[in-house]
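# Architecture at a glance
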Amino acid sequence: MQGVLSVLRSLGLASSVLGAAGCVADTAELDPDVSGVEQALACPTPTPTPPALVVPAGTHLSFSWSARGTQNYVCKQAADGSLVWTFVEPEAVLYGPSGHVAGHHYAGPTWEAKDGSTVVGTRLAGATVDPTAIPWLLLQATTNTGQGRLSKVTYIQRLDTVGGLAPTTGCDAEHTGAAADVDYTARYAFFR
């Protein structure tokens with residue numbers, strides 16, 4: 001099985017084949033105990049990226065990590081006086097393609113790799129692909145720190161989201177200041 005990945009690497013196709021599967025574009029992230037074909041077959045067929053979320057020409061996918069965590073909200077008064085669930089921050093663990101913990105995602109929005117490098121992004125565009133999930137996003141890096149995986153990231157896409165939407169009930173005068181942490185999963189694609 002590992003021979004298939006070796007052949008793909010020798011032809012320079014491992015990244016493109018696996019990247020096309022939507023799960024990994026950085027063959028350095030591959031689990032050496034699982035063949036490239038097995039990893040590609042284990043990946044779901046990706047939904048096409050909406051045009052508004054396409055990265056600029058000349059930017060290339062470096063790698064992608066999956067995330068599992070919560071989108072955190074607080075019940076507070078909006079500008080119009082109504083009480084609404086207001087987004088506060090994400091809190092998620094980031095996973096590499098073999099399922100190992102690769103980092104942490106938190107307020108900023110910030111992504112932090114286990115090597116200590118970070119990238120903070122700002123939202124450029126969003127698209128609702130699934131009305132039962134938080135939008136897919138395109139973000140641009142505003143700050144990078146460290147010397148690791150995230151130090152040269154220029155764009156981030158949030159894709160394949162499941163869950164994470166603000167609650168639709170429970171934010172009223174009796175619950176002002178209450179918190180709601182809503183489970184979500186997503187895939188973050190990092191570009192240079």
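Here the structure is shown first, and the text comes after it.
First, a word on what this report is: a plain description of the structure on this page. Think of each chain on its own: its residues are numbered from 1, step by step along the sequence as written. Side-chain atom pairs in this predicted model are given and counted only at pLDDT of 80 or more, local residue features only at pLDDT of at least 70, and totals for whole chains, interfaces and linings cover all residues. Heavy atoms from the whole structure form the basis of all side-chain values; hydrogens and water molecules are not counted.

## A word on the side chain of Ser117
Counting from the N terminus, the helices are the DSSP runs of H or I reaching at least four residues and the strands are the DSSP runs of E reaching at least two. Position of Ser117 relative to the elements: it lies in the loop between strand E4 (110–113) and strand E5 (118–127). Working definition: with a 1.4 Å probe on protein chains only, accessible area under 20% of the residue-type maximum means buried, over 50% means exposed, and in between means partly exposed. By relative accessible area, Ser117 is classed as buried at 0%. Here a polar contact is recorded for every N or O atom pair within 3.5 Å, except that within protein the pair must consist of a potential hydrogen donor and a potential acceptor, and residues adjacent in sequence are included only if both atoms are side-chain atoms. Of the polar contacts made by the side chain of Ser117, one reaches the side chain of Asp115; its length is 2.6 Å. In what follows, residue pairs with any heavy atoms lying within 4.5 Å of each other are defined as contacts. Apart from residues lying up to four places away in sequence, Ser117 is in contact with Trp111, Glu112, Thr145, Gly146, Gln147, Gly148, Arg149, Leu150 and Ser151.

## Observations concerning the pairing of strand E3 (residues 101–106)
Bridge count for strand E2 (residues 83–95) against E3 is 4 bridges, and the pairing is antiparallel. By the bridge assignment, Tyr95 is partnered in E3 with Val101. Linking two consecutive strands that pair antiparallel, namely E2 and E3, is a turn of 5 residues; a positive phi of about 95 degrees is found at Gly99 within it. We treat two strands as partners when DSSP finds at least two bridges between them. One ladder, built from 4 bridges, connects E3 with E4; its direction is antiparallel. Paired with His105 across the bridge in E4 is Trp111.

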